Amino acid sequence: MSARVLVVAEHDGARLNPSTARCVSCARTLSGAEIAVAVCAASPGAVAAQAARLEGVQRVLALEHPANAHALAAVLAPQIVALAGPFTHLLGPSTTYGKDLMARIAGLLGAPQVSDIMGVESATRFRRPIYAGNAILTVEAAEGVKVVGTVRMASFEAAASRGDAAPIESVAVSAPPPTHTRFVSVSAAGSDRPDLQTASRVISGGRALGSAEGFKILYSLADKLGAAVGASRAAVDAGYAPNEMQVGQTGKIIAPELYVAVGISGAIQHLTGIKDARTIVAINKDGEAPIFEVADFGLVGDLFEIIPQIEKLVG
Amino acid sequence: MKRILVGIKRVVDYNVRIRVKPDGSGVVTDGVKMSINPFDEIALEEALRIRERGAAGEVVVATVGPADCQQQLRSALAMGADRALHVEAGGVIEPLTAARALLKLVEREQPLLVILGKQAIDDDNGQTGQVLAALWNRPQATYASKLELTGDSARVTREVDAGLETLEVDLPAVITTDLRLNEPRYVKLPDIMKAKKKPLETLTLAALGVEVRQQLKLVRFEPPPQRQKGIRVKDAAELVAALKQKGLL
Ligand SMILES: Cc1cc2nc3c(=O)[nH]c(=O)nc-3n(C[C@H](O)[C@H](O)[C@H](O)COP(=O)(O)OP(=O)(O)OC[C@H]3O[C@@H](n4cnc5c(N)ncnc54)[C@H](O)[C@@H]3O)c2cc1C
Ligand SMILES: Nc1ncnc2c1ncn2[C@@H]1O[C@H](COP(=O)(O)O)[C@@H](O)[C@H]1O
């Protein structure tokens, strides 16, 4: 039996998040998969049209409802479950949105969930990291059991867009969505810098930056390089950088071409987030810091001297 | 009585560098330090603070797992939980099984809130809270970094990819914790002694009417691929030159 995959789209109401194109790529590695994308929104038109152009997508299911204006798992999960019948796999991204939602879907279905899929060996066999990426586990679901999965973003390239579009079908939301969960607000710092999760260059700072003020030398260099800025947990906990900048096991897992760790010791939980970076640069005054074990280029020294020097050299 | 149920899991301590067994059947856990999952300590701390503010009367900790887990339940009692429930179970406990067992405890204890960790740092599944909320048909607020109780509802700030999101959820609800929700207290020696006298009840999955169903077979464990050892550069100029040469700048 060939796979029939439902990818649950992530979006902000206007634009499809690139995470969805990565889920589609993952779905395409299931041989002969038929792929549909579900878009839940208050007005899904624009997002559905973007999903319809992703390479490999055969149809888009648009679920329009005012309650879908905000991505609340308790509101969305029953709508996806109502569509789940014919599908063998339901995939969403391993982003906070997808992790929150997909597990609720799995719970409603009583289905197993494979979290953070990093490789597909067959329609029933998947590889995923455990222990903060210090071990890779291959799991196998029984034949004929629906599998819910979240897709590890750093493991799949985004599916390309194509010229023609797959058909978009409107699906009515039958049951009234629950009202026990209400959206209040979202505060995003919102910067002009590239998005941490998709940037090809990332510069991250650790506790050594010493203050939010200290981070400015990283922003300045990042802006010269067109890089995104990340942070270690210690830097976020200390209030030097906002939470959405955290990289690691409990922050963002990223795979840039270039990752520069500045004043970061290299705890395993941090390294989990950068394992797939193409090139890692470490700048640390302690030559014994564990970050040097994974760095392609290591420079021992004081960051407050080195970063301005680099900025001058590239500027 | 207003009660908070906290789910805790015994895991390999986060400071341990785990090793995969040479035959690929698992990771080495013999003689390895075990602890309460760090997110669950945060869950317990939050529950204790709510009780200490007078917004709840009792904090109950629960775990589903083998007999060894009682050590972590005792640690939780030493931290300040009032009672512990041990649902004895062997083998692989998948999130769905853990959530089904927790649901039975929820039905029994009728808590105002259930607080779990956002993920267990061994399996890194990050599912149990959401699965429980689904089975219970109640709200979920995952990745909490701030929790305020306001009568019949809770206002929860969540750490999401975009920044901080605030939700309002009717109670009872399931909350899962992120790292910045609080800093768990240290346990003092007298508390460890006191904890020995606190009630710890042992139940079985069978008695709760939950069957263990393993839906995902664990086929193989492998160490992750190692990165090639890199080089040291002597100064900023050499670094920039090397990156330019690789086409990275
Ligand atoms: C469950 C759990 C989850 C976690 N998740 C994450 C996560 O997602 N991401 C994460 O990052 N961490 C995470 N952590 C925390 C992690 O264990 C480390 O505590 C954290 O990464 C340390 O941050 P740091 O490297 O900035 O700080 P430190 O370890 O304090 O390192 C600072 C470094 O800066 C160097 N330094 C100091 N001054 C200078 C200078 N002037 N110039 C150059 N170098 C200097 C020092 O030599 C040192 O190596 C988690 C921990 C737990 C328990
Ligand atoms: N066996 C268990 N017993 C009690 N609580 C658990 C168990 N497994 C998971 N949990 C709770 O669910 C959270 C998420 O676990 P997981 O879904 O396995 O990542 C943990 O932080 C615990 O709070």
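Residues numbered from 1 in each chain as written. Chains lettered and ligands numbered in written order. Predicted model: local features only at pLDDT ≥ 70, side-chain atom pairs only at ≥ 80, totals over all residues. Heavy atoms only, no water.

Student: Describe in detail the site of ligand 2, supporting the description with residues and values.
Tutor: Residues and elements named next belong to chain B. Around ligand 2 there are 17 residues in total, and Asp40, Val64, Ala120, Gly126 and Thr128 lie nearest to it. At 3.0 Å from an oxygen atom of ligand 2 is found a side-chain nitrogen or oxygen belonging to Asn37. Measuring from an oxygen atom of ligand 2, one finds a backbone N or O atom of Gln127 at 2.8 Å. Elements with a minimum of two residues in the shell around ligand 2: β4 (58–65) and β6 (113–117). The element that contributes the greatest number of residues to the shell around ligand 2 is β4, accounting for three residues. In the shell around ligand 2, the residues fall into five nonpolar, nine polar and three charged. (Near = heavy atom within 4 Å. Polar contact = N/O pair within 3.5 Å; in protein donor to acceptor, adjacent residues only side chain to side chain. Helix = DSSP H or I, 4+ residues; strand = E, 2+ residues; numbered from the N terminus. Nonpolar A, V, L, I, M, F, W, Y, C, P; charged D, E, K, R; others polar.)

Student: Describe the packing of aromatic side chains, naming the residues involved and giving the relevant values.
Tutor: Counting across every chain of the model gives one aromatic pair over all chains. An angle of 45 degrees between the planes, with centres 6.2 Å apart, marks the rings of Phe215 of chain A and Tyr219 of chain A as tilted. Of the two residues examined, Phe215 of chain A and Tyr219 of chain A, each falls in the buried class. Cation over ring: Arg232 of chain B sits above Phe292 of chain A, and NZ or CZ is 4.2 Å from the ring centre. (Phe/Tyr/Trp six-rings, centres within 6.5 Å; stacked < 30°, edge-to-face > 60°. Buried < 20%, exposed > 50% of the residue type's maximum accessible area, 1.4 Å probe, protein only. Lys NZ or Arg CZ within 6 Å of the ring centre and 35° of its normal.)

Student: Can you tell me about the sheet that holds strand β12 (residues 201–205) of chain A, naming the residues and giving the values?
Tutor: If you trace the six strands from one edge of the open sheet to the other, you get β13(A)-β12(A)-β14(A)-β15(A)-β16(A)-β13(B), paired in parallel fashion. Only two strands of the sheet have a single neighbouring strand rather than two, namely β13 (228–231) of chain A together with β13 (231–233) of chain B. For this sheet the average axis-to-axis angle between neighbouring strands, irrespective of direction, equals 20 degrees. Alignment of strand β15 (residues 279–284) of chain A against strand β16 (residues 297–300) of chain A, held across four bridges, turns out to be parallel. Of the residues in β16 of chain A, the one forming a bridge with Val281 of chain A is Phe297 of chain A. Contacts from helix α9 (residues 303–314) of chain A reach β14 (258–262), β15 and β16 of chain A, with the element oriented near 135 degrees to β15 of chain A. (Pairing = 2+ DSSP bridges. Axes fitted to C-alpha atoms, helices over the stretch in contact; angles between N-to-C directions. Contact = heavy atoms within 4.5 Å.)

Student: I'd love a proper account of a nonpolar patch on the surface, names of residues and values included.
Tutor: On the surface, Val187, Leu189 and Ile192 of chain B cluster together to form a nonpolar patch covering roughly 260 Å² of accessible area. One can find Leu189 of chain B in helix α5 (residues 189–195). (Patch = residues over 30% accessible without salt bridge, like charges linked within 9 Å, V, L, I, M, F, W, Y side chains within 5 Å. Areas by Shrake-Rupley, 256 points an atom, 1.4 Å probe, with all protein chains shown as cover. Salt bridge = Lys/Arg side-chain N within 4 Å of Asp/Glu carboxyl O.)

Student: Tell me about the interface of chain B and chain A, and name the residues and values.
Tutor: Between chain B and chain A, the residue contacts involve 77 residues of the former and 86 residues of the latter. Carbon and sulfur atoms make up 52% of the surface buried where chain B meets chain A, a total of about 6900 Å² over both sides. Broken down residue by residue, the surface that chain B buries against chain A is led by Asp161, Arg180 and Arg227 of chain B, which jointly contribute 12%. The tally of links from chain B across to chain A stands at seven salt bridges. Here Asp296 of chain A ties to Arg227 of chain B by a salt bridge, and the two come within 3.0 Å at their closest N and O atoms. Across the contact surface, chain B and chain A share 47 residue pairs in polar contact (both at pLDDT 80 or more). Residue assignment for the side of chain B that touches chain A shows that the elements contributing at least two residues are α3 (95–109), α4 (128–136), β7 (140–150), β8 (153–160), β9 (163–170), β12 (216–222), β13 and α7 (236–245) of chain B. The element contributing the most residues to the side of chain B that touches chain A is β9 of chain B, with eight residues. For β16 of chain A and β13 of chain B, the ladder comprises three bridges, and the chain directions are parallel. (Buried area = accessible area lost by both parts, 1.4 Å probe.)

Student: Account for the site of ligand 1, with residues named and values stated.
Tutor: In the vicinity of ligand 1, 30 residues are found, and the nearest of them are Arg207, Ser232, Thr250, Ser265 and Asn284 of chain A. In this structure, ligand 1 is bordered by residues of chains A and B. Between ligand 1 and Asn284 of chain A there is a distance of 2.7 Å, counted from an oxygen atom to a side-chain nitrogen or oxygen. Between ligand 1 and Lys285 of chain A there is a distance of 3.1 Å, counted from a nitrogen atom to a backbone nitrogen or oxygen.

Student: How would you summarise the pattern of salt bridges if you had to cite specific residues and measurements?
Tutor: According to the stated counting rule, one finds 39 salt bridges over all chains in the structure shown. Across the salt bridge formed by Arg15 of chain A and Asp12 of chain A, the nearest N and O atoms sit 2.6 Å from each other. A residue is classified by how much of its surface remains accessible, and Arg15 of chain A, at 53% relative accessible area, is exposed. The partner of Glu165 of chain B in a salt bridge is Arg158 of chain B, with the nearest N and O atoms 2.6 Å apart. Judged by relative accessible area, which is 10%, Glu165 of chain B ranks as buried. You can call Arg158 of chain B buried: its relative accessible area is 3%. Connected via shared salt-bridge partners are Arg3, Glu58, Arg83, Arg108, Glu109 and Glu201 of chain B.

Student: Go over the packing of helix α4 (residues 96–109) of chain A against α4 of chain B with me, naming the residues and quoting the values.
Tutor: It is the contact of α4 of chain A with α4 of chain B, at a shortest axis distance of 7 Å, that shows an interaxial angle of 45 degrees. In terms of orientation, α4 of chain A lies oblique with respect to α4 of chain B. By crossing handedness, the relation of α4 of chain A to α4 of chain B is classed as right-handed. Between α4 of chain A and α4 of chain B, the residues in contact are Lys99, Asp100, Ala103, Arg104, Gly107 and Leu108 of chain A and Gln130, Val131, Ala133, Ala134 and Leu135 of chain B, respectively. Looking at side-chain class alone, the contact of α4 of chain A with α4 of chain B contains six nonpolar, two polar and three charged residues. (Parallel < 35°, antiparallel > 145°, perpendicular 65-115°, else oblique. Left-handed = near helix turned anticlockwise from the far one by under 90°.)

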